[in-house]
Amino acid sequence: MEKTVKIQKGTIKCPVCKKGKVVAYVGAAGQSSIQCGRCKMFMLVDYDTMTAERVEPERGVI
Ligand SMILES: [Zn+2]
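Residues numbered from 1 in each chain as written. Predicted model: local features only at pLDDT ≥ 70, side-chain atom pairs only at ≥ 80, totals over all residues.

### Some words on the environment of G10
Put simply, the rule reads: For the purposes of this entry, the term helix denotes a DSSP run of H or I that reaches at least four residues, the term strand denotes a run of E that reaches at least two, and both are numbered from the N terminus. Any residue surrounded by 20 or more other C-beta atoms within 10 Å of its C-beta is treated as buried, while 12 or fewer makes it exposed and the intermediate range makes it partly exposed; C-beta atoms here are placed from the backbone.
Relative to the assigned elements, G10 resides in strand β1 (residues 8-13). The exposure class of G10 is partly exposed, given the 13 C-beta atoms found within 10 Å. It is 8.0 Å that separates the C-alpha atoms of G10 and M50, two residues lying 40 residues apart in sequence.

Okay, here's the thing in structure tokens:
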């Protein structure tokens, strides 16, 4: 089995607690909603600008 090595592009800080981090990998693009591992808040991560903003969780997701 071949292991795919992913190269980190950088990390994006959680906009709510400023402690949780999202790791962005090279090749990641667009936007994605992610739950912070620290404060459990949802954030919308923009891999193109390497920023994140808080979003309300969508109903039915949790
Ligand atoms: Zn957080």
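Having seen it, we continue.
### Structural notes on the confidence of the model for the chain
This is how the line gets drawn: Scored from 0 to 100, pLDDT records how confident the predictor is in each individual residue.
With 95% of its residues at a pLDDT of at least 70, the chain reaches an overall mean of 90. At the low end of the mean pLDDT range in the chain sits strand β2 (residues 21-25), at 92; at the high end sits strand β5 (residues 51-55), at 95.

### A closer look at the pairing of strand β4 (residues 42-46)
What counts is decided by this rule: Criterion used throughout: strands pair if DSSP finds at least two bridges between them.
Residues M43 and V45 point to one face of β4 and are all buried, whereas F42, L44 and D46, pointing to the other face, are not buried. Across five bridges, the pairing between strand β3 (residues 31-35) and β4 is antiparallel. Bridge assignment links Q35 to a residue of β4, and that residue is F42. With antiparallel pairing between neighbouring strands as the criterion, β3 and β4 make up a hairpin whose turn holds six residues, including K40 at a positive phi of roughly 65 degrees.

### Observations concerning the pairing of β2
Going residue by residue along β2, you find V22 and A24 tucked away on one face and K21, V23 and Y25 left uncovered on the opposite face. With five bridges joining them, β1 and β2 adopt antiparallel strand pairing. Of the residues in β2, the one forming a bridge with I12 is V22.

### Describing the nonpolar core
Condition: A set of buried residues qualifies as a nonpolar core if it consists of Ala, Val, Leu, Ile, Met, Phe, Trp, Tyr and Cys joined through C-beta atoms within 7 Å. In this description, any two residues whose backbone-derived C-beta atoms lie within 7 Å of each other are considered to be in contact.
With nine residues, the main nonpolar core is built from I12, C14, V22, A24, C36, M43, V45, Y47 and A52. Listed by contribution, the elements that provide at least two residues to this core are β2 and β4. Other than its neighbours up to four places away in sequence, I12 contacts K21, V22, A24, V45, M50, T51 and A52.

### Observations regarding the environment of G37
Here G37 lies in the loop between β3 and β4. C-beta crowding within 10 Å serves as the criterion here: with 12 such atoms nearby, G37 is assigned to the exposed category. Distance from G37 to G20, taken between C-alpha atoms, is 6.1 Å for residues 17 residues apart in sequence.

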